[in-house]
Amino acid sequence: MAVLRSGTKTRKESTQGGQEVIEELGSKRVVNGNTTLNAKADSQNKGLSRMQTVMFISLMLDLLGFTVILPLFPALLDFYSKNDTSGLYSKLVSWVSVFQDAVGIPSRFHSVLFGGLLGSLFSFLQFLSSPITGALSDVYGRKPIFVLTLIGVTMSYAMWALSSTFPLFIMARIIGGTTKGNVSLAYSIMTDILDEKSRAKGMALIGVAFSVGFTVGPAIGAMFSRWGSTGWFMVSALYALGLSLLNILYFSIFFEETLPQEKRRKSVGSGLSEAWDLINPSSLFSFRAVKGLEKEERSKLTQLGWVYFLYLFLYSGLEFTMTFVTHHKHSYSSMDQGRMFSFLGIVMALMQGGYVRRVKDGKEKSMAVKGLLMMTPAFILVGASETSIGLYSGLTLYALGSSMMVPCLTAMASLHGSESHKGTLLGIWRSLGALARAVGPVITSIGFWCLGAEICYIVGGLLMIAPLAVLHSY
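Residues numbered from 1 in each chain as written. Predicted model: local features only at pLDDT ≥ 70, side-chain atom pairs only at ≥ 80, totals over all residues. Heavy atoms only, no water.

1. Some points on the overall build of the protein chain
Thinking step 1. In terms of helices and strands, the protein chain carries 18 helices and 5 strands.
Thinking step 2. Counting all 474 residues of the protein chain, 52% fall into the buried class.
Thinking step 3. Taking the contacts inside the protein chain whose residues are at least 6 apart along the sequence as the reference set, 76% of them involve residues at least 24 apart.
Thinking step 4. Summed over its atoms, the accessible surface of the protein chain is roughly 20,700 Å², and 64% of this surface lies on carbon and sulfur atoms. (Helix = DSSP H or I, 4+ residues; strand = E, 2+ residues; numbered from the N terminus. Buried < 20%, exposed > 50% of the residue type's maximum accessible area, 1.4 Å probe, protein only. Contact = heavy atoms within 4.5 Å. Areas by Shrake-Rupley, 256 points an atom, 1.4 Å probe, with all protein chains shown as cover.)

So this is what it looks like as structure tokens:
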């Protein structure tokens, strides 16, 4: 007779050739009266926790370098407007000016608009590359593909450091956008190491890294701008390059592969049709490249993808025009806007680190609904308020609501599909977000300058009801 006891459950089995009694309590294992430590489970749990820490630190290193350029865009564009001899800058400016004149955007916002369009280009490149990066990681493992993305980002910073001409700078942004797949892989890695009950906590940890990175990074960039440097901010580029090289070294040494060989896909796909499924928008929204999904499960995942896309489409557009709102209605200087974005980053980090990470299993949808409910009054207050109190009331709701959305929606999406397709699924997920961020700012800018801040933000806030309705029926 064999007795196996784990926690409060006891299981008895008959054996032949003798009697063996096994008891497991916590980390102790008793076999025929002899006690041994069940170190394997403890070691595994510690390893998973360590991988979360490694991922968090890696993302922090990446984001502190990535965000340093954000406050430098106006000065960078001003430098290239005066020093570019290739003709590329003037040609792009003429195209932007046609759009600017047609919409009625004042000339003083020219550099902000141009920088936003460059940001849309960066997001569009991520839209193209993220699902392919995820699919490759499903076949070759997370670690080698993650390191390759870090190498690509490092190359983009090296090119920025050498970009005395505008074409070199644009090439640096193209390389950076194409290879910026480490964030989608971070979601896949969290899915590998966390069970369904803990997955939202891992997604929130990624959110904390983003909040801290987007709070501290731009402040460092502003500090570099005061130091002078060269016209294209070589010192800032070398700072980002140094962090990226450190990230490659750190990740290569401390990260352990989280996708075992037996759980990997056998091939990326031999035909062009599967590659097309990874970049074709209609295929992306139906998650066609994710194989093995039942009809009902695919329908649910598609529904969730639309919630994510619609939310980020509206969110990114209103987020982009927030600079216009604060300058146009509240006469905010760059320093005032810096303090505003720092406030947002701090609130988001506290919310994600202190509350979202404690969401209970199965409550992700409920929290996402609460987040969406906050976004409607948030944007109405931001657009319609005439005082700083009204503005910051809206910004607080904006920070609280947005800090809930992406971690919870991503955790819900990660519950679908098999382990061997998880990288593909989350790569497509990330790509849908990048597509929303590529088109949202352009379309919202048109609405902002044609309709005015109040109407644009009221309409945008009310349109948040659309993803809320789709999520409610999920």
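Back to the write-up after that little detour.
2. So, the environment of R265
Thinking step 1. Relative to the assigned elements, R265 resides in the loop between helix 9 (234–254) and helix 10 (272–277).
Thinking step 2. Exposure remark for R265: the relative accessible area of 11% places this residue in the buried category.
Thinking step 3. Between the C-alpha atoms of R265 and S420, which are 155 residues apart in sequence, the distance is 5.4 Å.
Thinking step 4. Side chain to side chain, R265 and H421 meet in a polar contact 3.4 Å long.
Thinking step 5. Within polar-contact distance, the side chain of R265 engages the side chain of T424 at 3.2 Å. (Polar contact = N/O pair within 3.5 Å; in protein donor to acceptor, adjacent residues only side chain to side chain.)

3. A closer look at the packing of aromatic side chains
Thinking step 1. The tally for this structure, following the rule as stated, stands at 25 aromatic pairs.
Thinking step 2. Relative to F309, the ring of W306 lies with its centre 6.0 Å away and its plane at 85°, an arrangement referred to as edge-to-face. Taken as a pair, W306 and F309 lie in helix 12 (residues 295–330) at a separation of 3 residues, close to a single helical turn.
Thinking step 3. Accessibility expressed as a relative area gives 11% for F309, which makes it buried.
Thinking step 4. One aromatic cluster in this structure is built from Y311, Y315, F379, Y398, F448, W449 and Y457. (Phe/Tyr/Trp six-rings, centres within 6.5 Å; stacked < 30°, edge-to-face > 60°.)

4. Section: the side chain of S123
Thinking step 1. For S123, the position within the fold is in helix 4 (residues 110–140).
Thinking step 2. For S123, the contacting residues outside a window of four places in its chain are A434, R437 and A438.

5. So, unusual backbone geometry
Thinking step 1. At F233, a position not held by glycine, the phi torsion is positive, near 55°.
Thinking step 2. With respect to the element layout, F233 can be found in the loop between helix 8 (199–227) and helix 9.
Thinking step 3. When its relative accessible area of 6% is taken as the criterion, F233 is described as buried.
Thinking step 4. For F287, which is not a glycine, the phi torsion comes out positive at approximately 55°.

6. Focus: helix 14 (residues 364–384)
Thinking step 1. Over its 21 residues, helix 14 extends 31 Å from the first C-alpha to the last, a length consistent with the 30 Å expected when each residue adds 1.5 Å.
Thinking step 2. Among all positions of helix 14, only E364, M367, A368, G371, L372, M375, T376, A378, F379, V382 and G383 are buried. (Expected span 1.5 Å × (residues − 1).)

7. Concerning the nonpolar core
Nonpolar side chains in soluble globular proteins tend to be buried together.
Thinking step 1. Counting residues in hydrophobic clusters, the biggest one holds 132 residues, and the most contacted among them are W160 and L409.
Thinking step 2. It is helix 12 that provides the largest number of residues to this core, a total of 15 residues.
Thinking step 3. In contact with L409, other than residues within four places in its own chain, are L304, V307, Y308, A368, W429 and L471. (Core = buried A, V, L, I, M, F, W, Y, C linked by side-chain atoms within 4.5 Å.)

8. A look at the packing of helix 15 (residues 388–413) against helix 16 (residues 422–451)
Thinking step 1. One way to put it is that helix 15 packs onto helix 16 with a least axis distance of 10 Å and a crossing angle of 145°. Handedness of the crossing formed by helix 15 with helix 16: right-handed. Where helix 15 approaches helix 16, its residues L409, T410 and A413 are matched on the opposing element by L425, L426 and W429.
Thinking step 2. When the residues that make up the contact of helix 15 with helix 16 are grouped by side-chain class, the tally is 5 nonpolar, 1 polar and no charged. (Axes fitted to C-alpha atoms, helices over the stretch in contact; angles between N-to-C directions. Left-handed = near helix turned anticlockwise from the far one by under 90°. Nonpolar A, V, L, I, M, F, W, Y, C, P; charged D, E, K, R; others polar.)

9. Focus on helix 12
Thinking step 1. Compared with the 52 Å implied by 1.5 Å per residue over 36 residues, the 51 Å span of helix 12 between its first and last C-alpha is a close match.
Thinking step 2. Among the residues trailing helix 12, S331 stands out with phi positive, at a value near 55°.

10. As for the packing of helix 2 (residues 73–83) against helix 6 (residues 166–179)
Thinking step 1. Closest axis-to-axis distance for the helix 2/helix 6 pair is 10 Å, and the angle between their directions is 145°. Where helix 2 abuts helix 6, its residues F73, L76, L77 and Y80 lie against F166, F169 and R173.

11. Things to note about a nonpolar patch on the surface
Thinking step 1. A cluster of nonpolar side chains, contributed by L246, L249, I253 and F254, occupies part of the molecular surface with about 410 Å² of accessible area.
Thinking step 2. Residue position: I253 is located in helix 9. (Patch = residues over 30% accessible without salt bridge, like charges linked within 9 Å, V, L, I, M, F, W, Y side chains within 5 Å. Salt bridge = Lys/Arg side-chain N within 4 Å of Asp/Glu carboxyl O.)

12. Examining empty space enclosed by the protein
Taking a probe equal in size to a water molecule and rolling it over the atoms shows the remaining empty space.
Thinking step 1. Per the stated rule, a full pass over the model turns up 1 cavity of 30 Å³ or more.
Thinking step 2. The space that makes up the largest cavity amounts to roughly 120 Å³.
Thinking step 3. Contributing elements (two or more residues each) for the lining of the largest cavity: helix 5 (142–161) and helix 6.
Thinking step 4. In terms of residue count, the dominant contributor to the lining of the largest cavity is helix 5 (4 residues).
Thinking step 5. When the residues that make up the lining of the largest cavity are grouped by side-chain class, the tally is 7 nonpolar, 2 polar and 2 charged. (1 Å grid on protein atoms, 1.4 Å probe; cavity = no way out; pocket = protein on both sides within 12 Å on 5 of 7 lines; lining within 4 Å. Points joined across faces, edges and corners; volume = space filled by probe spheres on them.)

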